[in-house]
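# Coordinates in review
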Amino acid sequence: VYSKCTGTHPKQSEDTNDYRFQIFKMSDIEAKLILLQIPKLPEIIERRRRNAAKWAEMLIKAGLNRIRHLPPNHNIFVKMLLSSDEICRHELEILSRELMMSGVELEWSYIPLHMRKPFSNFRTASMKTTERNWQGAVSVPVRPNLGDEDWHRIQTAVNRAERKVRFLRGHI
């Protein structure tokens, strides 16, 4: 992408490993489309951050503040990961079920690479945070084009989850 858009080829750094990936060959039209999007990146990133902050505020107001959102600040991704400790995982499961029933796109987290057998030998550092957060984690949308209709569906689902969680908390 870099070389197609700029006409130059980036130099490999000294810390490059021996793994090689298939190079994607892009057409001139695809390169031009990317170049047209680059000036929009600051606004796209800002919208993603605002949407992530809106999720966080919505969960706190609903009393679902034991559900963590990752990263906790300055999210620039298309999705935001929601996670919980084992003790309150049922709250995240309730929220996820309500969001799915409302038509909100969710994506369940995958097993981290360092925990998969073929890659376990490559682990070089402690990854306690990852190991604590991945189980039961679910990604929710923070894409920049979330509209009023999307937020209405999300808020409705969060409200239903809040009522169910409050009921369960009162009976545990």
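Residues numbered from 1 in each chain as written. Predicted model: local features only at pLDDT ≥ 70, side-chain atom pairs only at ≥ 80, totals over all residues. Heavy atoms only, no water.

### What about the packing of helix H3 (residues 41–61) against helix H6 (residues 148–170)?
The interhelical angle for the contact between H3 and H6, taken along N-to-C directions, is 25°, at an axis separation of 10 Å. Taken as axis vectors, H3 and H6 run roughly parallel relative to one another. At the point where H3 passes H6, the crossing takes the right-handed sense. Facing Asn-51, Lys-54, Trp-55, Met-58 and Lys-61 of H3, the residues of H6 in contact are Trp-151, Ile-154, Gln-155, Val-158 and Glu-162. (Axes fitted to C-alpha atoms, helices over the stretch in contact; angles between N-to-C directions. Helix = DSSP H or I, 4+ residues; strand = E, 2+ residues; numbered from the N terminus. Parallel < 35°, antiparallel > 145°, perpendicular 65-115°, else oblique. Left-handed = near helix turned anticlockwise from the far one by under 90°. Contact = heavy atoms within 4.5 Å.)

### As for the sheet that holds strand E2 (residues 79–83)
Taken together, 4 strands build an open sheet; the order of strands is E1-E2-E4-E3 and the sheet is antiparallel. Two strands in the sheet have a free side with no partner beyond their single neighbour: strand E1 (68–70) and strand E3 (107–108). In the sheet, E2 pairs with strand E4 (residues 138–141) via 4 bridges, with the strands oriented antiparallel. When the sheet's bridge partners are listed, Leu-82 is paired in E4 with Val-138. (Pairing = 2+ DSSP bridges.)

### Let's talk about the packing of helix H4 (residues 89–101) against H6
In contact at an axis separation of 8 Å, H4 and H6 are set at 145° when each is read in the N-to-C sense. Two packed elements cross with a definite hand, and for H4 against H6 that hand is right-handed. Where H4 approaches H6, its residues His-90, Glu-91, Ile-94, Leu-95, Glu-98, Leu-99 and Met-101 are matched on the opposing element by Ile-154, Ala-157, Val-158, Arg-160, Ala-161, Lys-164, Val-165, Leu-168 and Arg-169. Considered class by class, the residues forming the contact of H4 with H6 number 10 nonpolar, 1 polar and 5 charged. (Nonpolar A, V, L, I, M, F, W, Y, C, P; charged D, E, K, R; others polar.)

### Remarks on the nonpolar core
If you look at the biggest cluster of nonpolar residues, it comprises 25 residues, and the most contacted ones within it are Trp-55, Leu-64, Leu-82, Leu-95, Leu-99 and Ile-154. Those elements that place two or more of their residues in this core are H3, E2, H4, E4 and H6. The leading source of residues in this core is H6, at 6 residues. If sequence neighbours within four positions are ignored, Leu-95 has contacts with Leu-59, Leu-64, Ile-67, Leu-82, Val-158 and Ala-161. (Core = buried A, V, L, I, M, F, W, Y, C linked by side-chain atoms within 4.5 Å. Buried < 20%, exposed > 50% of the residue type's maximum accessible area, 1.4 Å probe, protein only.)

### A closer look at the pattern of salt bridges
Scanning the entire structure with this criterion turns up 12 salt bridges. Glu-91 is the partner of Arg-169 in a salt bridge, and the nearest nitrogen-oxygen pair spans 3.0 Å. Taken together, the positions of Arg-169 in helix H6 and Glu-91 in helix H4 put the pair 78 residues apart, joining distant regions of the chain. Of the residues examined, Arg-169 reaches a relative accessible area of 35% and is grouped as partly exposed. Arg-143 is the partner of Glu-105 in a salt bridge, and the nearest nitrogen-oxygen pair spans 2.9 Å. On the criterion of sequence distance, the pair formed by Glu-105 in the loop between H4 and E3 and Arg-143 in the loop between E4 and H6 is long-range, its members being 38 residues apart. Glu-105 gets classed as partly exposed once you look at its relative accessible area, which sits at 30%. Each of Glu-105, Arg-143, Glu-149, Asp-150 and Arg-153 takes part in salt bridges that share partners, so that together they form one network. (Salt bridge = Lys/Arg side-chain N within 4 Å of Asp/Glu carboxyl O.)

These values are about where atoms sit, not about what they do.
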